[in-house]
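Spelled out, the chains give:
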Amino acid sequence: MPDFNDLTLLPFCAGLTLLGLIGSWAAWRRRGAAAGVRGVAWSLLPVSLYLTGLLELVWDVVRSTVSWVTHLIFSPTVWAGVALFGVSVVLYVVSGVAKGRRSPEKPAKTKPTAATGELTSTGPAPASASAPAAKPAKAPKGAKASKQESSEFDEIEDILKRHGIN
């Protein structure tokens, strides 16, 4: 790629600015002052970039980007690095999936719990699966049993609603 050359870019930028100013004058005549002033603003950019040194910076960025892309495309070493990056990403994802599917090696130690319904410092102790379930008193057979169960559930629902739990 050619190197930045002050002698060729100054006339190039001046020519772009001159063409832009001519187009701005034509736009001013056809579409009004707003279009003409906007054209002048765009026309002055090439010379302003050259005079501030930003054109050289832009040139270096474009040249470096093109060099990097061509090096990336045609270099087997870079493609080997890309392949290793892909393998590392796949291994990382697989390790996360394997960690999630792993069965617990040791059961978690549980603290002795209070009996179900007993008050503790944080409130009533919840019913746990390990605690023996209390046997309900013999319920009457037939329709009375289902009516009693539904009334218990209705009471529980009312309590939950009062506390804002749905």
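Note that this is a predicted model, so its numbers are computed, not measured.

Turning next to the overall build of the chain. A count of helices and strands for the chain gives six helices and two strands. Residues classed as buried in the chain amount to 10% of the 166 residues present. Accessible surface for the chain amounts to roughly 14,500 Å². Of this, 67% is attributable to carbon and sulfur atoms.

As a further point, take the packing of helix α4 (residues 54-74) against helix α5 (residues 76-101). Where α4 contacts α5, the axes come no closer than 5 Å and their chain directions differ by 80°. It follows from the interaxial angle that α4 and α5 lie roughly perpendicular. Taking contact as the criterion, the partners of His71, Leu72, Ile73 and Phe74 in α4 are, on α5, Pro76, Val78 and Trp79. Across the contact of α4 with α5, the residue classes tally to six nonpolar, one polar and no charged.

There is a patch of nonpolar side chains on the surface, built from Phe85, Val89, Tyr92, Val93 and Val97 and spanning about 530 Å² of accessible area. Considering the arrangement of structural elements, one finds Val97 in helix α5. Looking at Val97, the relative accessible area reads 43%, which means it is partly exposed.

Listed under "transmembrane region" (unreviewed entry) in the UniProt record, and renumbered for this structure, are residues 6-28, 40-59 and 79-98. Helix makes up 90% of residues 40-59 and strand 0%, with an end-to-end C-alpha separation of 23 Å. Counting secondary structure, residues 79-98 comes out at 100% helix and 0% strand; the distance between its end C-alpha atoms is 28 Å.

Going through the model one piece at a time under the given rule, you end up with one salt bridge. In this structure, the salt-bridge partner of Arg63 is Asp60, at a minimum N-O distance of 3.0 Å. Pair noted here: Arg63 and Asp60 are both in helix α4, with a separation of three residues, about one helical turn. Judged by its relative accessible area of 27%, Arg63 is partly exposed. For Asp60, a relative accessible area of 25% gives the class partly exposed.

So, on to helix α2 (residues 33-43). Along α2, the residues that are buried comprise Ala35, Gly36, Gly39 and Ser43. In an axial view of α2, the angular spread of the buried residues amounts to 100°, which keeps them on one side of the axis. With respect to the buried face of α2, the exposed residues turned more than 90 degrees away are Ala34 and Arg38.

A separate point is the environment of Ser48. Structurally, Ser48 is set in helix α3 (residues 45-52). A relative accessible area of 31% means that Ser48 is categorised as partly exposed. The spacing of Ser48 and Ala14 is 34 residues in sequence and 9.9 Å in space, taken between C-alpha atoms.

Criteria and cut-off values
Residues numbered from 1 in each chain as written. Predicted model: local features only at pLDDT ≥ 70, side-chain atom pairs only at ≥ 80, totals over all residues. Heavy atoms only, no water. Helix = DSSP H or I, 4+ residues; strand = E, 2+ residues; numbered from the N terminus. Buried < 20%, exposed > 50% of the residue type's maximum accessible area, 1.4 Å probe, protein only. Areas by Shrake-Rupley, 256 points an atom, 1.4 Å probe, with all protein chains shown as cover. Axes fitted to C-alpha atoms, helices over the stretch in contact; angles between N-to-C directions. Parallel < 35°, antiparallel > 145°, perpendicular 65-115°, else oblique. Contact = heavy atoms within 4.5 Å. Nonpolar A, V, L, I, M, F, W, Y, C, P; charged D, E, K, R; others polar. Patch = residues over 30% accessible without salt bridge, like charges linked within 9 Å, V, L, I, M, F, W, Y side chains within 5 Å. Salt bridge = Lys/Arg side-chain N within 4 Å of Asp/Glu carboxyl O. UniProt positions renumbered as here; feature names shortened; annotations may be inferred. Arc of directions from axis to C-beta.

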